[in-house]
Amino acid sequence: NAGVTQTPKFRVLKTGQSMTLLCAQDMNHEYMYWYRQDPGMGLRLIHYSVGEGTTAKGEVPDGYNVSRLKKQNFLLGLESAAPSQTSVYFCASSYGARVETQYFGPGTRLLVL
Amino acid sequence: AQSVSQHNHHVILSEAASLELGCNYSYGGTVNLFWYVQYPGQHLQLLLKYFSGDPLVKGIKGFEAEFIKSKFSFNLRKPSVQWSDTAEYFCAVKRRDNYGQNFVFGPGTRLSVLP
């Protein structure tokens, strides 16, 4: 039981490049989330999903897209990376709406030059 | 809009000192409350949570937190900190009348424990 895993762990991009971050969970959780963590700002929700095939915007969705084609995977895409997207990205999952404990992945550190 | 504030940006303590980290939230309805810890270079881990019942909850590693509804607070405490408690601590609040995105984190408090 690996919990929540994220790939890659670290990536450097040039402005304008695109990339996809992969999150996978093996706990059969319905809900999955993508956050970004910036110094002094805590975690901010980018997008989330309440089940396979569904996605919704969070607090800071601009510049990001997501897909949840399979229940266990939640992909975060950057179509045209900007330096403002330099951050640490965390994926999380939870069983459902009422059982709220979120389980976090190890994070992906992204540097956009 | 719902918000979560944490009183201190950075707290520095010596080993064996007592710890209290403040957390306040702005939403007036029913909430679930969490404290997460992030050790250097690691991901967030759940420290403790409050859903209902006894407002004094105990978590892992000797931490506890008290929910005071009238003060909209959920302060984290530990009677005697250790060097290994050096980490960043995040308070989080989830509204119980809504789904999905209303899970709000505070900005975090960095704790440095000096040996």
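Above: the structure in question.
Note that this is a predicted model, so its numbers are computed, not measured.

Novice: So what's going on with the environment of A:Ala82? Which residues, and what values?
Specialist: Within the fold, A:Ala82 resides in the loop between strand 8 (73-78) and strand 9 (87-94). On a C-alpha basis, the gap between A:Ala82 and A:Leu13 in space is 8.9 Å, while along the polypeptide they are 69 residues apart.

Novice: Any chance you could break down the sheet that holds strand 1 (residues 4-7) of chain A for me, citing the residues and the numbers?
Specialist: Residues and elements named next belong to chain A. Read from one edge of the open sheet, four strands run 1-3-8-7, paired in antiparallel fashion. Both outer strands of the open sheet, strand 1 and strand 7 (65-67), are each paired with one neighbouring strand and no more. Adjacent strand axes in the sheet meet at a mean angle of 20 degrees when their direction is disregarded. The pairing of strand 3 (residues 19-25) with strand 8 spans six bridges and is classified as antiparallel. Considered in strand 8, the bridge of Cys-23 is made with Phe-74.

Novice: Tell me about unusual backbone geometry, and please be specific about residues and values.
Specialist: Residues A:Thr7 and A:Pro8 are joined by a peptide bond in cis, for which omega reads -5 degrees. By the element assignment, A:Pro8 lies in the loop between strand 1 and strand 2 (10-13). Residue B:Lys61 is not a glycine yet carries a positive backbone phi of 60 degrees. Relative to the helices and strands, B:Lys61 is located in the loop between strand 7 (56-58) and strand 8 (64-68). The class for B:Lys61 is partly exposed, based on a relative accessible area of 45%.

Each value, and the rule that gives it
Residue positions are given per chain, counting from 1 as you read along its sequence in written order. By the order in which they are written, chains take letters starting at A while ligands take numbers starting at 1. Restriction of local features to residues with pLDDT of at least 70 applies here, the model being predicted, together with a cutoff of 80 or more for giving and counting side-chain atom pairs; totals for whole chains, interfaces and linings are based on all residues. Side-chain measures were taken over the full set of non-hydrogen atoms in the model, leaving aside hydrogen atoms and water. Secondary structure elements are defined from DSSP: runs of H or I of at least 4 residues count as helices, runs of E of at least 2 residues count as strands, and each element is numbered from the N terminus. DSSP calls a pair of strands paired once it identifies at least 2 bridges connecting them. An axis is simply a line fitted to the C-alpha atoms; with a helix, the fit covers only the stretch in contact. Between two such axes, the angle follows the N-to-C directions and lies from 0 to 180 degrees. Think of it in three bands: with a 1.4 Å probe and only protein chains considered, a residue is buried below 20% of the maximum accessible area for its type, exposed above 50%, and partly exposed in between.

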